[in-house]
Amino acid sequence: MASKMKESDPILEVENLFASTDNLPILKGVSLTVYPGEIHAIMGRNGCGKSTLSKIIAGHPSYNITNGDIKFSGANINSLEPEERAQSGIFLGFQYPIEIPGVSNLEFLRVSTNARRKFLNKEELDTFDFEELVKEKLELVKMDHAFLTRSVNQGFSGGEKKRNEILQMALLEPKIAILDETDSGLDIDALRIVASGIKKISNAQTGIILITHYQRLLDEIEPNYVHVMADGQIIKTGGSDLALELEKKGYEWTDNFVKET
Amino acid sequence: MEIIEKIKNNKLIDNQTEIQKICLHKLQSSPLPNPKSELWRLSNKSKFSDFLDYSINEKDPKFDIPYPKNSQSTIRLIIGESYQIKIIEENYSIQQLSEDELDKHIKEQISYFDQNENWSDLLNLSLSCTKNILGLKINGSKIPPIEIFSHASSNSLNAKTLVIFLEKNCDIDLLQVNLGEENSSLSQSTFFCLEENSSVNHGVVSYGENRSNLLNSLNVIQQKNSEYNLGSLHFKFNFARFEIRIKQSAGNAKTNIKSMQITKKDEQISTYTKIDFNGPNGFLDQLNKSLADDKSHAIFEGSIIVPKIAQKTDASQLSRNLLLSNLAQIDTKPQLEIIADDVKCKHGATISQLNEEELFYMRTRGITLPEASKLQLSSYFQEIISFIPVSKDRWDLLDKLLNEK
Ligand SMILES: Nc1ncnc2c1ncn2[C@@H]1O[C@H](COP(=O)(O)OP(=O)(O)OP(=O)(O)O)[C@@H](O)[C@H]1O
Ligand SMILES: [Mg+2]
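Residues numbered from 1 in each chain as written. Chains lettered and ligands numbered in written order. Predicted model: local features only at pLDDT ≥ 70, side-chain atom pairs only at ≥ 80, totals over all residues. Heavy atoms only, no water.

## Some remarks on the domain arrangement of chain B
Worth spelling out the cut-off: Note: domain ranges come from an automatic or database domain assignment.
Domains assigned within chain B are domain 1 (2–355) and domain 2 (356–405). Domain 1 of chain B and domain 2 of chain B are separated by 26 Å when their C-alpha centres are compared.

Structure (structure tokens):
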């Protein structure tokens with residue numbers, strides 16, 4: 001793996017992060033740095049702590065950071081509220097997007113888009129202007145307009161929920177997007193749609209973290225780095241070839257690694 | 001017995017109408033609703049006696065409608081103000097029912113009354129003097145929207161009655177607004193008769209002020225091929241009951257209901273509905289939403305009756321509920337009584353509160369906690385509100401009222 005010249009400052013720095021919930025330690029010293037323009041993949045066994053890491057970066061109130069720091073654009077965000085993190089440009093695509101019965105998807109998308117726009121000093125959008133914007137983004141994820149009139153994710157199929165996550169990401173234009181298994185449960189066409197959505201927002205200023213179990217997403221979007229997580233730590237980092245290696249070897253070797261350390 | 005005494009002692013006893021006498025007589029045999037019956041068992045006894053506590057008022061002081069007219073063409077009527085209504089235009093006519101017509105119709109209604117089920121109507125009709133009964137006969141097409149106001153003034157018990165005949169092939173938008181002033185009780189009974197092929201978008205918006213009470217009873221008879229759409233909103237009452245009874249007299253009619261009640265503080269608001277399919281091919285789509293905050297209590301009970309004669313009925317009833325506080329209470333009970341065998345009926349109820357994961361999800365999208373609950377509330381209203389025939393600027397006013405703490 002060729003080490004790139006880092007000309008700009010990192011977007012996200014996770015430094016030796018320890019976190020627990022109900023005194024149960026889950027993260028045990030995670031370090032990860034993402035520079036603008038980079039795509040990182042995180043892989044690892046079920047239960048090793050990938051989703052927990054993503055939720056902690058997004059500010060989930062159920063987890064306590066017991067040691068270490070999370071920095072976003074150089075500033076420590078350990079104690080920022082989830083909405084403040086989101087407004088400033090951190091996006092988490094959920095492994096299991098939440099259904100919110102009774103809240104209209106359209107209004108939900110509009111209010112969240114406006115929260116981000118307000119932070120960016122952009123004009124907030126009324127229903128009409130927002131309709132225009134959202135139409136264009138719907139095209140991107142090939143979703144039907146009818147999804148907007150339903151409650152947030154309610155009754156959406158697995159794949160539709162994931163596309164709704166990409167739609168939200170496209171509307172919020174984040175600086176860093178953490179996509180937790182957005183590729184799981186997608187059919188081949190939906191995977192391409194999601195991949196092209198990710199490519200659309202990926203540019204020289206943004207960072208992307210893909211949490212995934214499958215090579216097929218990484219075939220569409222080649223990561224600069226692949227990290228392997230085990231028992232709450234990143235135990236190995238490599239280039240895109242590491243993913244292929246994992247595909248062959250599986251994760252058993254990571255158990256030995258955990259035992260050794 | 002007190003209520004009977006009160007009605008009897010009312011100084012206008014001498015000019016009691018025949019209808020008043022009939023209803024009073026019926027009330028005498030059982031002066032109060034049966035507190036053990038399904039319809040009344042959840043009603044708060046002390047609040048119900050708050051309702052009955054005021055002295056009877058038959059004369060309204062001048063009443064100013066608190067919001068602007070929908071548009072120039074809107075027809076506005078206030079029950080209790082003496083009018084002679086006779087609007088005859090090229091396409092339509094709106095005329096007051098004659099005393100005979102009114103008498104005949106109400107008496108017929110009374111003959112079907114069930115003592116307990118129609119207790120609110122019996123009370124209403126024994127209290128309503130001629131001046132407070134408005135009867136209209138509507139005919140034609142391209143009728144401008146109609147608004148009808150009922151209002152209870154402070155420190156008194158007021159009764160208002162509305163009777164509407166919608167003639168064949170006629171369709172209207174009708175908004176009924178019931179307003180209760182501080183410390184007041186309003187008894188409102190409405191009798192709606194939809195003839196063949198007629199259709200109505202009926203909005204009922206009821207709201208009170210500090211410690212006002214409401215007994216709102218709505219009786220609808222639908223002839224064949226008629227369509228009755230009801231959107232209603234009840235809020236800000238110490239005690240309120242909205243009783244809806246709809247009868248598709250020969251089936252083959254459509255009924256859509258979207259009703260909502262919002263309770264705060266220690267308020268109790270309930271909605272009782274009874275939909276009676278008295279013929280085949282009836283259709284019902286019903287949604288009730290309750291939203292309860294603080295230590296308030298909201299109740300919804302809906303019954304659907306599908307007798308043998310009502311084959312191919314297609315009925316759906318849903319009750320959706322939102323508890324905003326741990327001390328609030330919502331009781332909901334959709335009820336089906338199906339005897340016919342070839343029918344499609346579904347019903348259901350849900351009670352929800354934003355949970356931690358839902359909140360976290362919204363927050364990761366930049367939505368703050370207060371915004372999240374506001375969003376939930378406004379989405380919650382939207383579905384009902386879009387069903388009530390009211391203009392946008394009017395809603396801004398209601399919106400303000402709804403958002404009051
Ligand atoms: N709130 C919680 N309470 C208790 N245990 C938790 C909690 N959150 C996470 N855990 C535990 O922490 C571990 C890591 O969970 P996490 O969801 O981060 O795994 P993951 O790597 O995303 O797995 P998968 O690949 O299956 O999605 C698991 O053992 C999980 O049960
Ligand atoms: Mg996970």
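## Focus: the site of ligand 1
Residues and elements named next belong to chain A. Counted only if it meets this: Any residue with at least one heavy atom within 4 Å of a molecule or strand is counted as near it. The term polar contact refers here to a pair of N or O atoms within 3.5 Å; inside protein, the definition further demands a hydrogen-donor-capable atom paired with an acceptor-capable atom, and it admits residues adjacent in sequence only when both atoms are side-chain atoms. Computed with a 1.4 Å probe, the accessible areas rest on the Shrake-Rupley method; for each residue, only the protein chains presented here act as cover. Under the scheme used here, helices are H or I runs from DSSP no shorter than 4 residues and strands are E runs no shorter than 2 residues, and both carry numbers assigned from the N terminus.
Ligand 1 sits among 15 residues. The nearest are Gly47, Lys50, Ser51, Thr52 and Tyr63. In this structure, an oxygen atom belonging to ligand 1 sits 3.0 Å away from a side-chain N or O atom of Asn46. In this structure, Glu181 approaches ligand 1 through a side-chain N or O atom, which is 3.4 Å from an oxygen atom. Coverage of ligand 1 by the protein chains reaches 63% of its 630 Å² of free accessible surface. For the shell around ligand 1, the secondary-structure elements that each account for two or more residues are β2 (24–34) and α1 (50–58).

## Quick notes on the coordination of the magnesium ion (ligand 2)
Residue and element names in this part refer to chain A. Basically, it comes down to this: Donor criterion used throughout: N, O or S atom within 2.8 Å of the metal, extended to 3.2 Å for Na, K and Ca. Water excluded; incomplete-looking sites may result. Buried residues are those whose accessible area, probed at 1.4 Å on protein chains only, stays under 20% of the maximum for their type, while exposed residues exceed 50% and partly exposed ones sit between those limits.
Protein coordination at the magnesium ion (ligand 2) comes from Ser51 (OG) and Gln95 (OE1), with a distance range of 1.9 to 2.1 Å. Of this pair, Ser51 sits in helix α1 while Gln95 sits in the loop between β6 (90–93) and β7 (100–104), and the two are 44 residues apart along the sequence. Of the residues examined, Gln95 reaches a relative accessible area of 16% and is grouped as buried.

## Focus on the interface of chain A and chain B
Selection rule: We call two residues in contact whenever any of their non-hydrogen atoms come within 4.5 Å of each other. Accessible-area loss on putting two parts together, using a 1.4 Å probe and summing over both, is the definition of buried area adopted here. The salt bridge criterion pairs a side-chain nitrogen of Lys or Arg with a carboxyl oxygen of Asp or Glu, the two atoms within 4 Å. In this count, Pro and Cys sit with the nonpolar residues alongside Ala, Val, Leu, Ile, Met, Phe, Trp and Tyr, while Asp, Glu, Lys and Arg are called charged and the others, Gly among them, polar.
Across the contact, 34 residues belong to chain A and 20 residues belong to chain B. When the two sides are added together, the surface that chain A and chain B hide from each other amounts to roughly 2100 Å², 65% of it contributed by carbon and sulfur. The three residues of chain A that bury the most area against chain B are Glu83, Phe94 and Ile98 of chain A, which together make up 22% of that side's buried surface. There are three salt bridges connecting chain A and chain B. Our count for the contact surface shared by chain A and chain B stands at eleven residue pairs in polar contact (both at pLDDT 80 or more). Secondary structure elements with two or more residues in the side of chain A that touches chain B: α1, α2 (82–87), β6, β7, α3 (105–119) and α6 (158–172) of chain A. Residue classes in the side of chain A that touches chain B are distributed as 18 nonpolar, ten polar and six charged.

## Comments concerning the nonpolar core
Selection rule: Joining through side-chain atoms within 4.5 Å is the link that ties buried Ala, Val, Leu, Ile, Met, Phe, Trp, Tyr and Cys residues into a set, and such a set is a nonpolar core.
Leu27, Leu53, Phe108, Ile198, Ile209 and Leu210 of chain A are the most contacted members of the largest nonpolar core, which has 86 residues in total. Among the elements that line this core, the one with the most residues is helix α7 (residues 188–201) of chain A, at seven residues. Setting aside chain neighbours within four positions, we find Ile198 of chain A in contact with Ile166, Met169, Leu179, Ile208, Leu210 and Ile221 of chain A. One finds Leu136, Ile164, Ile304 and Val306 of chain B within the second-largest nonpolar core, a separate group that totals 38 residues.

## A closer look at the environment of Thr212 of chain A
Residues and elements named next belong to chain A. Here Thr212 lies in the loop between β10 (207–211) and α8 (215–220). Excluding residues that lie within four positions of it along the chain, Thr212 makes contacts with Ile42, Met43, Asp183, Leu217 and Leu218. Among the polar contacts made by the side chain of Thr212, one reaches the side chain of Asp183 at a distance of 2.5 Å. Among the polar contacts listed, one links the side chain of Thr212 to the backbone nitrogen of Tyr214, at a separation of 3.0 Å.

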